Number of protein chains: 2
Amino acid sequence: LEDVNKLETQRRILKYGIPDRGQEYYIYDNHVLAYDQAKKIPIWVAEHLNAQNVKGSANRKHSKFKPDPSVNGRFNAENDDYFKSGWSRGHMSPAGNHKFNQEAMNASFFLSNVVPQNFENNSGFWNRFEIYCRNLTKKFTDVRVITGPVFLPDLEEDGPAIVKYPVIGKGQVAVPTHLYKVVLAELDGKPIALGAFVVPNKPIGFDKKLTDFIVPLETLEEKTGVEFLPKLNLSNVKPLCQVDSCHLKTKDEFELHIITRQLNRAENLDQLYKAYSKLEKKNLKPDQYMIELFTKKEMELKEKQLLGEREKKEL
Amino acid sequence: LEDVNKLETQRRILKYGIPDRGQEYYIYDNHVLAYDQAKKIPIWVAEHLNAQNVKGSANRKHSKFKPDPSVNGRFNAENDDYFKSGWSRGHMSPAGNHKFNQEAMNASFFLSNVVPQNFENNSGFWNRFEIYCRNLTKKFTDVRVITGPVFLPDLEEDGPAIVKYPVIGKGQVAVPTHLYKVVLAELDGKPIALGAFVVPNKPIGFDKKLTDFIVPLETLEEKTGVEFLPKLNLSNVKPLCQVDSCHLKTKDEFELHIITRQLNRAENLDQLYKAYSKLEKKNLKPDQYMIELFTKKEMELKEKQLLGEREKKEL
Ligand SMILES: [Mg+2]
Ligand SMILES: [Mg+2]
């Protein structure tokens, strides 16, 4: 049809407006996303990581999960939908990718950036995957990540392929069967390596490697209906896990990481000692960084305690 | 965020383009639709019916189901996906709504306008529903219909609500649990009555009424994520089934309708007599229109036969 005819047809048929599925995408301080108003979860969430923006003092304790004010209210997920559902609120763009800016981190807590995620997956394998992506900024100048949910059929049975997923809460928020990430690593503006991964939305143990979840980009695109990087020329881009190890933290490395975070977040000596004592319990050896962190925090918290006691006396 | 900042953020994060889900909507001669590249079926299909465009000589025997050339190939459904799947190719904008124009009817056979539909539903209840919509053009100057698939959870069990649907063929085309229609009737440019209906994608017998499937427009909008008529002021619009009967053809009326269609389509006397004999078999009385149609067609086909015999002799 010619454009003039098309416009006439559109005016005739869509007299009361184009059926509205919300904005094509939403832009925040440090992420961009497309939102599914029927499923009440994002379709894709895009980020750009570099060594600068994954560091900083923004803290998730200042952030709160809440409905996204940009989304038309009745299509929004609510905290109540997640409450006691058996599913965690899983960031697609993780809070830890917005450390440079509290505003940016706060926006990552909008429920437009969240899907119902298995608790163990969220705090375990997926967390390690996110840490891996952040650590790529040590090797690469720019890391681009697109993350989202995907709904795949169960092909195990002999019968027809069936897609099956729960919906939670009054709002019937869809629980994805799988989560995906597309990771592109660049050096000085040049795309170097790309990986696409699809991970089941369930507990994934330390026996699994990230490479177990590699999928061809084209397959992921067909399953999500999204062409993720339409302007990327893939001809000189290598598979990420060939250029890099795609090594996730081992159990010990991950526990050290968690304890380090707890040391960092400790607000009093009790919390500090409790976190540090886990090393012995778990038979883990602290590295030099950790010992120094502990010593520094211990001094800080002792001073804080002294100050507190002095203030009490003066009252 | 301010617009300038947003643009900068977008350029930074989406360096390789906006993740692409295809066009927001596609315009054809006589329908407009939005397409789901993941499910490979439409999201909504909008039409405008009036007394003129539901009549004419366009014939579905000249039309063929095929992938939509407007849709990016790898996101297209294929006839092979439907073949032997156990599901029919169900038009959302029905062929019968494009009788005034063969081109328009042909475009309704693009698989972008099709979902896997239960055979009996397609040829039975849903067909009667479509006839009902067309017949509204006898009472109303303009009828606007938006049709599409919807995926609803199973709420029967005591456990959590689960959405469950098959996907068919190599392309894994999604089979909707339900189909919807939004029907708006206008008189001389003024919206008068609106109905929203959700029908399970399974056989529906003559014991069910159309009014059994009425849903509030808002509920349908929440389940599909679509605001269907964003510019419509609903304040003076009445429920369709209060303004009109919402009566679908009864079993006898429907069989008479089918036989009438077969009489119309008969290409020789054998086919004509075979169709007409069904009346007796089913104990149905032809109305005046049908008797006249039969007499007229019989004369035409006898002449055609004579002409054919004469031509054979002359050869
Ligand atoms: Mg998380
Ligand atoms: Mg049909």
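Anything mentioned here points back to the structure above.
Calculation rules
- Residues numbered from 1 in each chain as written.
- Chains lettered and ligands numbered in written order.
- Predicted model: local features only at pLDDT ≥ 70, side-chain atom pairs only at ≥ 80, totals over all residues.
- Heavy atoms only, no water.
- Patch = residues over 30% accessible without salt bridge, like charges linked within 9 Å, V, L, I, M, F, W, Y side chains within 5 Å.
- Areas by Shrake-Rupley, 256 points an atom, 1.4 Å probe, with all protein chains shown as cover.
- Salt bridge = Lys/Arg side-chain N within 4 Å of Asp/Glu carboxyl O.
- Lys, Arg positive; Asp, Glu negative; His and termini not counted.
- Charge placed at Lys NZ, Arg CZ, Asp CG, Glu CD.
- Helix = DSSP H or I, 4+ residues; strand = E, 2+ residues; numbered from the N terminus.
- Pairing = 2+ DSSP bridges.
- Contact = heavy atoms within 4.5 Å.
- Axes fitted to C-alpha atoms, helices over the stretch in contact; angles between N-to-C directions.
- Core = buried A, V, L, I, M, F, W, Y, C linked by side-chain atoms within 4.5 Å.
- Buried < 20%, exposed > 50% of the residue type's maximum accessible area, 1.4 Å probe, protein only.
- Buried area = accessible area lost by both parts, 1.4 Å probe.
- Polar contact = N/O pair within 3.5 Å; in protein donor to acceptor, adjacent residues only side chain to side chain.
- Nonpolar A, V, L, I, M, F, W, Y, C, P; charged D, E, K, R; others polar.

A. Quick look at a positive patch on the surface. Together, Arg 60, Lys 99, Arg 261 and Arg 265 of chain A make up a region of like positive charge exposed at the surface. The topology assignment puts Arg 60 of chain A in the loop between strand E3 (41-49) and helix H2 (79-82).

B. How the structure looks around the sheet that holds strand E1 (residues 26-27) of chain A. Taken together, 7 strands build an open sheet; the order of strands is E1-E2-E3-E6-E9-E10-E11 (chain A) and the sheet is mixed. Since the sheet does not close on itself, it has two edges, and those belong to E1 and strand E11 (238-239) of chain A, each with one partner. Sheet topology note: the E1 of chain A/strand E2 (residues 32-36) of chain A ladder contains 2 bridges and is antiparallel. Bridge assignment links Tyr 26 of chain A to a residue of E2 of chain A, and that residue is Leu 33 of chain A. The sheet contacts of helix H1 (residues 3-13) of chain B involve E1, E2, E3 and strand E6 (142-150) of chain A, and relative to E3 of chain A the element is tilted by about 80°.

C. Structural view of the nonpolar core. Ranked by size, the top nonpolar core spans 108 residues in total, and within it Tyr 132, Val 183 and Leu 240 of chain A together with Tyr 132, Val 183 and Leu 240 of chain B carry the most contacts. Residue contacts for Leu 240 of chain B: discarding those within four places in its chain leaves Tyr 132, Leu 136, Val 183, Ala 185, Ala 193, Leu 194, Gly 195, Phe 197 and Cys 246 of chain B.

D. Spotlight on the interface of chain A and chain B. Taken together, the contacts link 66 residues of chain A with 66 residues of chain B. For the pair chain A and chain B, the summed buried area comes to about 6,000 Å², and 55% of that belongs to carbon and sulfur atoms. One can count 32 residue pairs in polar contact (both at pLDDT 80 or more) joining chain A with chain B. Elements with a minimum of two residues in the side of chain A that touches chain B: helix H1 (3-13), E2, E3, E6, strand E7 (161-168), strand E9 (178-187) and helix H6 (217-224) of chain A. Ranked by the residues each element gives to the side of chain A that touches chain B, the list is headed by E7 of chain A, at 7 residues. Looking at side-chain class alone, the side of chain A that touches chain B contains 32 nonpolar, 14 polar and 20 charged residues. Note that E7 of chain A and strand E7 (residues 161-168) of chain B share 7 bridges and pair antiparallel. In the sheet register, Pro 166 of chain A faces E7 of chain B, and the bridge partner there is Ile 162 of chain B.

E. Fine view of the pattern of salt bridges. Residue and element names in this part refer to chain A. Counted under the stated rule, the structure contains 20 salt bridges over all chains. Across the salt bridge formed by Glu 255 and Lys 251, the nearest N and O atoms sit 3.9 Å from each other. Placement of the pair is Glu 255 and Lys 251 together in helix H8 (residues 251-265), with a separation of 4 residues, close to one helical turn. What makes Glu 255 buried here is its relative accessible area of 17%.

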